[in-house]
Structure formats: structure tokens, C-alpha cells
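# A structural walkthrough
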Protein chains: 2
Amino acid sequence: MHISQKLEQSRRENRATFSFEFFPPKTAQGVQNLYDRMDRMHDFGPSFIDITWGAGGRLSHLTCEMVKVAQSVYGLETCMHLTCTDMGKPKIDAALKEAYKSGCTNILALRGDPPREKEKWEATAGGFRYAKDLVKYIRDTYGNHFDIGVAGYSEGCEDQEDSDLLIDHLKEKVDAGATFIVTQMFYDVDIFLNWVDKVRAKGITIPIIPGIMPIHTYAAFMRRATWTKCHVPPAWIEALEPIKNDDVEVREVGKGLVAEMCRRLINAGILHLHFYTMNLAQATRMVLEELGLTPDMETPLEKPLPWRPSLALGRREENVRPIFWRNRNRSYIARTQDWDEFPNGRWGDARSPAFGELDAYGVGLKGTNEQNIKLWGKPVSIKDIADVFVRYMNGKLNSLPWSESPISKEADTIQEDLVDLNRRGFFTINSQPAVDGAKSSHPVHGWGPRNGYVYQKAYLEVLISPEYIAEVITRIERDPDITYYAVNKAGDLKTNAPGDGPNAVTWGVFPGKEIVQPTIVETVSFLAWKDEFYRLGQDWANCYPSSSPSRYVIEDLIDTWYLVNIVHNDFRVPHGIFPLFNGLQVEDMEKPLHTVGIVNGNEASNGDHSAENPAVNGAAAHTNGTVHTITDGVNGVELKN
Amino acid sequence: MHISQKLEQSRRENRATFSFEFFPPKTAQGVQNLYDRMDRMHDFGPSFIDITWGAGGRLSHLTCEMVKVAQSVYGLETCMHLTCTDMGKPKIDAALKEAYKSGCTNILALRGDPPREKEKWEATAGGFRYAKDLVKYIRDTYGNHFDIGVAGYSEGCEDQEDSDLLIDHLKEKVDAGATFIVTQMFYDVDIFLNWVDKVRAKGITIPIIPGIMPIHTYAAFMRRATWTKCHVPPAWIEALEPIKNDDVEVREVGKGLVAEMCRRLINAGILHLHFYTMNLAQATRMVLEELGLTPDMETPLEKPLPWRPSLALGRREENVRPIFWRNRNRSYIARTQDWDEFPNGRWGDARSPAFGELDAYGVGLKGTNEQNIKLWGKPVSIKDIADVFVRYMNGKLNSLPWSESPISKEADTIQEDLVDLNRRGFFTINSQPAVDGAKSSHPVHGWGPRNGYVYQKAYLEVLISPEYIAEVITRIERDPDITYYAVNKAGDLKTNAPGDGPNAVTWGVFPGKEIVQPTIVETVSFLAWKDEFYRLGQDWANCYPSSSPSRYVIEDLIDTWYLVNIVHNDFRVPHGIFPLFNGLQVEDMEKPLHTVGIVNGNEASNGDHSAENPAVNGAAAHTNGTVHTITDGVNGVELKN
């Protein structure tokens, strides 16, 4: 969506909105951290974000990459900056093409700073001299695909202090096809509003977005003011100078000053605020909270769908996904990125038949072995694994090999059941409670337009040991309201689903709209998920040395246990699934599973792994002198070696 | 669906099923009557129907036409008979092509009777000699598209009494590609079952369907028995002969005899019964009721959708329709018959943009002027029109110009509101009450697979006088839960619908399925319906002489009143729409609207129409001596002349 459309919308609704600017970090770890931060800052509800242009080879690639991830994975409407500095036409073309392919529809066209080694800005050979040339080129090449923003300098810029001349230049940029203006940072509202009046007097009517720089530290505040030569009202210095050595105090007072400035802007009819976040969340969040612009229980963020919609090219209409990737959004985006069409309205023929292969998209376990072992410990028994799951279900662990994010608030109503089930050795991978028509504004379950109702069928995806799989399926098949799919690593599938079609497990009814059914359970995608599920399990096992007890117990789990998804189709029954497991408890859970290799009838050497798992209940991993067959540990189930 | 699949399904469910055979009537009125009867007999729940082949030009066309109407309009799975008699290959090809185009997938291939003028059967030049040749030809030409039935003669046939030889012939027909057998009528179950054993012994394994002839009159019973040379058990004669002059008694006793015979067949594992209805409903219905096979409140007919699905070519997957044609199903089928794709899952891009033009499909008012005047009287005032609507809402009138069938049971819960509204001069054209999750087996609101829930938003389509249209719209727009479309004859449209998309007003949630939303409200189709609506009104007006008071009052209504559809989007509110009309009542409803033509300032002659409306409240249609402008009658609304 074009930024100017979004601004028009907030103007129509007379509602203050805001946006965030990020820049490409220097390190890979920095990039990952920034993605996590962008993900969290999505929840503040920005109208869009900006990614600045990283001049130079690696950084400009990173800008394109970040735009793509922000659009497709985080569903953030993104504006890509583009500068003339060091950019010949082919580079400009490549960058625009990347932006287009990412689904990006907003460009901020800038001249850019001079390259570090030069003092004065010079045009690149075959490149563009002025931002207005770049604007015109984008407009000529892409028509109205891109909304094009340009910079406004309310207090002069580095190499030009004549404010009137700068407004003339601004007019030229607008005449070349720009559709919105983002200003440099400033602290003096009077100067800014005066400048806006002058801009309007010149016949420039497109929206003007003020750039807001929150205050992180006194030193940074002063440095930036000096560098941009913007006027700092004396009252600001008076308020901040005395406390300049107390960063916390500076942020607190700074928050008040910046928020007051924002209030004056909003009162003057400047409804959209653009925050220079400097890739940090805190100072910006404090200002937004002070302004009452962050979502809370009373005014929760409007979620268009129960999952985060992607804004990648061709995906804007997508509104149906399988439930399986709910905790691995990024992987779903990756494995479906090559689809020609995305399900819209229904999961039908529109869907491309194939999910991307695991290896092609690097969807395996993230993190180093050390990090993962630190997270999930060194399990030597089913009980140890159960403890990991229980900690996750209790909110004491932020991820599992199959879940990138902590357990959701939505699980609150079934949390006790989940904890209990995992404690008994039934490992829950994914779940949702039944919802029988909650208001679409419901703080936990709600999504979609106002005045609607949302529904869910109870869902449970659970890893079941071979000793109980037959019993659980027998119980399921007795209940006409329950449908299931069960599969093992080898891909043996068992189901009682009626026909091949999908089962809608989340849907919503809204005024004047078709029914929306954003989440489904379905065969083909379950089998694709199953591959990913068992691969992630193997990746977890592989974090441990090849003949270690932890490697062994996890491998045994994924080699022999069944992944089962269960839907209770009567969404008016609140707790229909858990009774299936009444009275069932995996036996001998505490018994360590040993690394016993039966090779030609001889017991293979275990090595000494006792050093590996000191933290896990103090249980050392050594055999007790007798030869175990592998089947001992899993109660009589035959295991192929 | 193939008949053999249907039989397999009833075998799997161990459930007795049945089918009906009809023949092409000789007169046009007979055809219309038969359609009405087929429509009613659809509600008995036959698995399929047969249409016999009408040998000869007009009748064979009629067979094709009836197959098409049965498939597309009445949604009856139809088996078309086809005979070799008088049929050269080009005629066979044409008939098969017609069947194919109708969506028909079942053919009963017969040799046929000799043409009337000949005593002995002879093959037509270039035609087929034996049914087996026809079977082979259909199989060769159409592969497995058609299920092909053949006739079985359990007691010999006209020109061959050797039962064994006939079984040999049957075997040849099966070997040529037949997939089911329908037998001649019979009354002796022992002979039949014995014959079945012989057929099976010959290695014929395809399903055998017994032909059942209910008893209408004693004379017909004896005539048919004699003609088909089938054995009548002596007990039957003993039971029927003494009462042979009392038709009612014969049908009653005959019902018992035929039902007993059917019971024996069902007990012998012959689960499907094919009734030779002779185009009559009563005798067949009596037998079915005696057998407990007709639907009732406890075992209602399973409705796959809230409206009758069409089985026309390409329409089997159709599952979304606009609500507007609910009472004019046949017209909807006709006006959309040329669509390339039919909405399935959602009303979206799949839908062809255009509805057929009114004139191309003859969707105007049915019946002669005399018939229609007899039905709806000779209204001279709004009050008279209101009376017509009130009678319809009270179930005392079976049709309105806009409704081909009586008011549905579904309206029971809102009937009083409807009657009241019409009495006050707001004419309701279509409506449905809100339903907040009725079981899919609900006898009135239910549809779709078992163990599901169905929902409806309250809907009202109403004709509103110009004096109140602004007030009603003002009230509507105050309520965020209500969406509407209002249009007049000229096509001026007003709506508060959010965007162009459809509004689902009926939907269902079923175990293991996607959400189904079979009924929607939407702009393009509403405008197509609006044309039909005003045309039907004009057709009604045209039933009366050109300057008659009735013509005038109806024309005034359709020229100036607004057609408004209203959806209350909160389906949990049972009666949300009717309060919009609180306190509103069309004024001066009883005042006759005169046929006053202001021509050059002079009152045109009315003629004497008093003879036309003696029945309507005794109000004679003559002016009261003063010159009225037309606006007098509609309270100040300007009307173009």
C-alpha cells in the first residue's frame, strides 16, 4: 500500500499514526537482533517502516534483503531509501527491481551524503546528480507502482543553508513526481511549522512527515543536533544539561520533551510521526506510550488475520494458511515463496502443489549447538524431554526446536491441560483452544474488521509414543466430532478426515464480508510439515555428539514416535480433546535410554558421556552393567537399527 | 454421479433407496405440470430419476429438454433412456451430445419397441440392431463418462419368452459395457429372485434394479400385467378383484401389496427400488410412506446446500449463489447458464461478470393475463397491493409476481413481522431470519453434512415508497451492524457496504471441511436482479388494460418505489431489521390511484374501468370530479410522465 494512501486514511479517521526508520547493521548478529526487534516493534503498530540505503556493495544488498524480510516475513509495509551516491543507472535499476520483487511499493529518493572519502558530493558517472532526477527516473520507469518520497530540510542542509532555495528544490522534486515528504530531524516546532507554511505557500500540497529523533543519551542528542545544525530550544538544554550523566533520567525527561513536541505537531494537524529509531526500541516506545499511541487491552492492535500477513509480491491477498507453521512463520514464507498464487478465500486449486524442499530454503534449526544445548539441556530420558516441554508450556522457556517464539497468550485457557499432558509424556507441538464466536475486537482471540465474530476449532498437535498411538487413535475414532491425521517419520499416514479437502479450524464472520477462514488443517501441507518436523528433531539430536545419550534419546523419539494432529470439530465444546488422554501416562519415563549399539551381537563401546549431562537431574549416563536391547527403553516397540 | 456409484453407496450404508421413472407428456401443459410434480417429488428424496425416450422428432427433443431441466433446474440426477428404434447413428450422436451437455452421466440403452405402424422390430438403416450394439457404441464413444444401464426381463419379453436365452443376451449387453440392470415390472417376488439367481449364476455381477409398478387403478393394473405378461400372484387378484370399482380402495390395498413385495426385495438384499410412476405421484408416495422411506421431521431429507444444487454441466461444484433469486431458481439457472465457471467456495473472480439479458432467456412473468388477474386480483390502491402481499405472507396465496413458490417454512419465526410490514405498505420480496448456529440436521434451517452448524444473517428485501426511503436509510446508517443496497428502476444505487466484495448471509461449519457460504449479497448480481424485479413488476402491470386503474397503480409502484435489501450482520440478534420500520406506515393507502393523464393541461378520458375491479373492496375507479395531478396519490413525490 502506498504511504500517501495510509496518510490519507489516518487523515480521514483523524487519527495519529507513526512509522519507524531502521538502518542496515554492520554485523550478521546485528541483523538477526534487528529482525527480532522489528518483529517486536511490529506490535507497536507502525503504519510502515523505512530501511535506509546502505551505500556500498554489501550494505546495499543488505538493504534489499531487509526490505524483503520486512515485507514478506514480518508483514511490515516498507519504504526503501535509495540514494544517488555511488549509484550508476544499472545499480539503481537492480535496486528498484529488488524492491519490486519484494512487494515494496514505496521509495524514498535521496541524493545521499557524499562518500566518506570525499568532501563534496559528486554525481557518479552515468548516475543521477539530483534527487529530482532519481524521482523522475523512477516515475518514468515504474509509473505509479512506487509511491515516491523525498527529503525536506526545514532548517537547511549540509551544503545549502538558503531555506528558500531548498524549498524551490523541493518543489522541483515534487514536480518530478514525488508524493510525500519526510523531513530531517528537528526539535523546534515553531521553526518546523513556519517552514511547512512556506512549503504550502509555494504550492506544494503533498503530505509532509516530520522526522522525530527520540533522545537516547545526552551525548548522542547533542552530537546529532550539532551535526544536522538544527535549532535546539533553550528549554531543552536547561532540562537535559543538569542530568546529562544519568542516561535513564535523560531518556525519561527526553521522552517528555519529545512527546510534548509531538503533541504540538498533532494539534497542528500533522498526524503522522516518523521516528528515527537508530535501531533501538526503548526511547521510541517511551515516547509512543507517553502519547498513548501504543496498543493496550482497551485499544488492541487491529490484526487483519490471526497470523501475520505477508506483504511479499503477490501475497497481499493471501488469507489461508495451514496451522502447522504457526510457530515457524518464517519457514512457511520461505517454503512457499515460489508459489505462483497464494490461497485466498479457500485452500483450493489456487494453491501450488509443492512446498519448497527443506534443503533449498535452509529451514533447519537455528543457533549453534552450544546455544541450543544451553537452551534445552542434555536430556537422557523421556522425562528430561518432558521437562523441557513443561518449561516451555509454563512460559519459562522461549523456544523449542519446533517453536521459534514463546507460548502464546491464547494458550492460557488450556495451559494446565498442556502442562499436564507433557508431564505424562505426550509432547504438544502446537495447539489452540476452541472459540465459539468471540468478538473480533477480543484482546486475545480477536482479529479482522470490527463488529465481527471469530471462531476456532480446538486443535492439538502432539507427539505420541508408539506404546499409546493405537489406543489414542481408537479413542479418537469413537468420537464422530474428532478428526485426526497421524504420521511417523517414514510417512505412514493414517486419518479419518472425510475426503481430501481442508478442514477450516479458524474462521471469522464480519459485517458485509465473505466468511474468512485463515487457518486450515489439510493433508499435503501436513506431510510437508511432517518432513520439517522430523528434520528439526534430527537437527536437535545432532546438537549432541554422535554416540551421546542425548543424541540417542532424541533420535529414538523422532524415529519411533508419531506426530498426530487432532481437531475437535464441535467448537462449542470447550475442552473436547484432552479427555482422549485420560489415564494415559508414558511408562518408565525416568529410565535413561542408553546408547547401546548391537553390532554383530556385541555391545558397542559407549565411551564416557557422563561429563555431558551433569545438569540433568544429576543422572549420569552409564550402563548398569547389563546389556540392554534398544527395545527395553520404549516398552516393547521394535526399532529398526 | 453414476447410478452404480449411488447403488454402491446405499449398499455400503445398508440403506434402502429408490428412483422414479417419468415419460415425456404429450402436451405443453402436461410438461409444465410434470415439472411441478418432479419438483415436489424431489422432496421424497429419490437417488435419481429416469426420463424415457420419446421416439419420434418432437418427443425425442422433449426427452432431451426434460433431462436438461431435471438436471439443471431441479438438481435431479437423471438417467436418459435411449432406444435403437428409428434412430440412425447421427440421431444417436445428437441425443448423446445433448445428454452430455445437460450434465447427464447415465444412459439406459434399450432396443425399444417397434414403431407403432410396424408389428415386428426392425433396425433403422445405419442404426443399431441390438441394445448391446448401442451399449458398445456409447462406451466406445464416451469412455466412462456415462454409466450405462440395460433392461432385464425376468419373465420374458414381448418377442422372446426363452428366459435362458434372454439371460444370454443380458450377458452380451453386460460384456459390451453395461454397468447396471433395470428390470421390467413384476409382481411375483419368487420369480424375480429366482431369475436374479440365474443371472448371477451366469457370471453377471453388476447391480440389478427391480422395476416396481405401483397400483393406480384396477383396470390399469390388469392391463399392464397382461401387456407385460408378468405373473400376478393369485392372492393379489383375490385382494383387488372384489374392490375393483373403488379406485381409492384399490390404491390403498395395492399400496399394501406393493409395499410387502418391496419389503421382501429389501430383505433379500435388493436395496434399490425403481418406481414406474406413470407421471403420477400419489400411488408411489403411498408405497414409500408405507415403507417408511419418505423424509419426515425425524429423518429429514439431507440437503447438501440451503438451495437446490444444479447438476448441469460444470455446475456440480457450484456452491455460492446470490440470495436474490431464492424464489426464482429457474430464472437464476437460465441467466447464468452460459457462465464458464460457477462460484465455488467464494463469489470471486471465478464468476463470469455478466448475467444473461432478460430477453434472451424468457425470464418474464409466467401464466396468461387471465390467470394472473385471477391470482392477484385488480388492485386500485396501495392497500389492495398490500392485501395481495399479506395473503402471500399468510400462506393464502401460492405465488407473487416475484416468487414462484409459496412462502417457505423458514419464514415462520418472522411471519408476523412480515405480515405487519406489508400491511403498513412495506412490501417484502424476500427474507430470511437470523440463525445463530442451528445443527445441520435442523428440520427447517439445516443443510449440509451431519454434525455441523449452520448460520444465517437476517435478510430482508423490501419495496419502499418514496415517502419513506430517506427515513429508512437514515435509520439504517445509524446502526453499524446493518448493511444495505437501495436501488430504483432507473438504477440509482445507494449502499453502505464496505467495499465491493460480497456479504455472506448463509454459511455452515462442518467436521473436517472448509467453511461453506452458499448465499451472498453483492452489488453486480443485485443490479441484475433489480432489472428482473422491475421487469416482473411491469409484466404484472401489463396484465391489465393500458389505461386501467390496476395498470396505473402497479406502474406507479414500480416506477417510483425503491427496492432495498437489508442485512443485519449481527446474526446473534434475532429480530434486528424490523425495528427500522417502527412507527412507519404508508399514508393514504386506501386512496385509489387514478389513471389521470395530463395532456396539454387537459384531463384525458379515463374510459370506464369500474367494471374491472368490482371485487376490490367495492372501490370503483373513477375520478371524483376534480383534476388530480399524479403526485396526489404518492404524497408529494414528483413523477415524470
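Residues numbered from 1 in each chain as written. Chains lettered and ligands numbered in written order. Predicted model: local features only at pLDDT ≥ 70, side-chain atom pairs only at ≥ 80, totals over all residues. Heavy atoms only, no water.

## Quick word on the overall build of chain A
When helices and strands are tallied, chain A shows 19 helices and 20 strands. Here the C-alpha atoms of chain A give a radius of gyration of 29 Å, agreeing with the 26 Å that 2.2 N^0.38 yields for 641 residues. The C-alpha extent of chain A, read off along each of the three principal axes, is 90 × 60 × 50 Å. Residue pairs at least 24 apart in sequence account for 74% of intrachain contacts in chain A once pairs closer than 6 positions are excluded. When the accessible surface of chain A is totalled, it reaches about 27,300 Å², and 49% of it is carbon and sulfur. (Helix = DSSP H or I, 4+ residues; strand = E, 2+ residues; numbered from the N terminus. Rg over C-alpha atoms; globule rule 2.2 N^0.38 Å. Contact = heavy atoms within 4.5 Å. Areas by Shrake-Rupley, 256 points an atom, 1.4 Å probe, with all protein chains shown as cover.)

## Brief notes about the packing of aromatic side chains
A full pass over the atoms with the stated rule returns 77 aromatic pairs over all chains. A cation over an aromatic ring shows up here: A:Arg129 above the ring of A:Tyr130, its NZ or CZ 5.8 Å from the ring centre. (Phe/Tyr/Trp six-rings, centres within 6.5 Å; stacked < 30°, edge-to-face > 60°. Lys NZ or Arg CZ within 6 Å of the ring centre and 35° of its normal.)

## Some remarks on the side chain of A:Gln432
Residues and elements named next belong to chain A. Mapped onto the elements of the fold, glutamine 432 is located in strand β10 (residues 427–432). For glutamine 432, a relative accessible area of 4% puts it in the buried group. For glutamine 432, the side chain forms a polar contact with the main-chain oxygen of lysine 457, separated by 3.0 Å. A polar contact is formed between the side chain of glutamine 432 and the side chain of threonine 506, at a distance of 3.4 Å. Beyond its immediate chain neighbours, meaning those up to four positions away, glutamine 432 contacts Ile323, Arg326, Glu410, Ile414, Gln456, Lys457, Ala458, Tyr459, Val505 and Thr506. (Buried < 20%, exposed > 50% of the residue type's maximum accessible area, 1.4 Å probe, protein only. Polar contact = N/O pair within 3.5 Å; in protein donor to acceptor, adjacent residues only side chain to side chain.)

## Digging into the side chain of A:His2
Residue and element names in this part refer to chain A. Mapped onto the fold, histidine 2 is located in the segment before α1 (3–12). Under the relative-accessibility criterion, histidine 2 is labelled buried at 18%. In terms of polar contacts, histidine 2 uses its side chain to reach the backbone carbonyl oxygen of histidine 145, at 2.7 Å. Once you skip the residues sitting within four places of it in the chain, histidine 2 turns out to touch Thr105, Asn106, Asn144, His145, Phe146 and Asp147.

## Details of the interface of chain A and chain B
In this assembly, 32 residues from chain A lie in contact with 32 residues from chain B. A buried area of about 2,800 Å², summed over both sides, lies between chain A and chain B, and 47% of it is on carbon and sulfur atoms. Among the salt bridges present, the one from A:Arg346 reaches B:Glu514, with a minimum N-O distance of 3.5 Å. Our count for the chain A to chain B interface comes out at 22 residue pairs in polar contact (both at pLDDT 80 or more). (Buried area = accessible area lost by both parts, 1.4 Å probe. Salt bridge = Lys/Arg side-chain N within 4 Å of Asp/Glu carboxyl O.)

## Structural notes on the relation of the copies chain A and chain B
Put simply, the two copies of the chain differ by a rotation about an axis and a shift along that axis. Rotating chain A by 180° and moving it 0.0 Å along the rotation axis overlays it on chain B with an RMSD of 0.0 Å. Taken together, the rotation angle and the small translation identify this as a two-fold axis. The overlap is high: 100% of the interface residues of chain A also sit at the interface in chain B, so the same surface is used on both sides. (Least-squares fit on C-alpha atoms with pLDDT ≥ 70 in both.)

## Some words on the sheet that holds strand β10 (residues 427–432) of chain B
Residue and element names in this part refer to chain B. Pairing within the open sheet is antiparallel, and its 5 strands lie in the order β10-β13-β18-β14-β15. At either end of the open sheet lies a strand with only one pairing partner, and these are β10 and β15 (493–495). Each strand axis lies, on average, 10° off the axis of its neighbour in the sheet, ignoring direction. Sheet topology places strand β13 (residues 458–464) next to strand β18 (residues 562–568); 7 bridges connect them, and they run antiparallel. Pairing of tyrosine 459 across the sheet is with valine 567, part of β18. (Pairing = 2+ DSSP bridges. Axes fitted to C-alpha atoms, helices over the stretch in contact; angles between N-to-C directions.)

## So, the pattern of salt bridges
All told, the structure shown has 71 salt bridges over all chains when counted by the stated rule. A single salt-bridge network, built from bridges that share partners, covers A:Glu252, A:Lys255, A:Glu260, A:Arg263 and A:Glu290.

## Re the pairing of strand β16 (residues 503–509) of chain B
Sheet faces and side chains relate simply in a regular strand, where the side chains alternate between the two faces. Residues and elements named next belong to chain B. Within β16, 7 of the 7 residues are buried, which leaves the element mostly enclosed by the surrounding structure. The pairing of strand β12 (residues 453–456) with β16 spans 4 bridges and is classified as antiparallel. Counterpart to tyrosine 455 in the pairing with β16 is tryptophan 507. Here 4 bridges tie β16 to strand β17 (residues 516–521), and the two strands are oriented antiparallel to one another.

## A short note on the pairing of strand β17 (residues 516–521) of chain A
Residue and element names in this part refer to chain A. Among the 6 residues that make up β17, 6 are buried, leaving the element largely enclosed by the rest of the structure. Alignment of strand β9 (residues 321–322) against β17, held across 2 bridges, turns out to be parallel. Among the inter-strand pairings, arginine 321 is bridged to a residue of β17, identified as threonine 519. Counted along the chain from strand β16 (residues 503–509) to the antiparallel partner β17, the turn is 6 residues long, and its residue glycine 512 has a positive phi close to 70°.

## Structural notes on the domain arrangement of chain A
Residues and elements named next belong to chain A. Taken domain by domain, chain A comprises domain 1 (3–291) and domain 2 (321–540 + 556–581). Using C-alpha coordinates to define each centre, domain 1 is positioned 40 Å away from domain 2. Between domain 1 and domain 2, the residue contacts involve 5 residues of the former and 4 residues of the latter. Both faces considered, domain 1 and domain 2 share a buried interface measuring about 430 Å² in area, 43% of it formed by carbon and sulfur atoms. When the buried area of domain 1 at its contact with domain 2 is split by residue, Gln32, Ser72 and Val73 rank highest and sum to 71% of it. Remark: the boundary between domain 1 and domain 2 carries 0 salt bridges. Applying the counting criterion to the domain 1 and domain 2 interface returns 2 residue pairs in polar contact (both at pLDDT 80 or more). (Domains from an automatic or database assignment.)

## A word on the nonpolar core
Grouped together as the largest cluster of nonpolar side chains are 97 residues, with contacts concentrated most on B:Met80, B:Leu82 and B:Tyr187. Excluding residues that lie within four positions of it along the chain, B:Met80 makes contacts with B:Ile51, B:Trp53, B:Thr63, B:Cys64, B:Val67, B:Ala95, B:Ala99, B:Cys104, B:Asn106, B:Ile107 and B:Leu108. Counting 96 residues, the second largest nonpolar core, distinct from the first, contains A:Tyr137, A:Ile181, A:Ala225 and A:Leu240. (Core = buried A, V, L, I, M, F, W, Y, C linked by side-chain atoms within 4.5 Å.)

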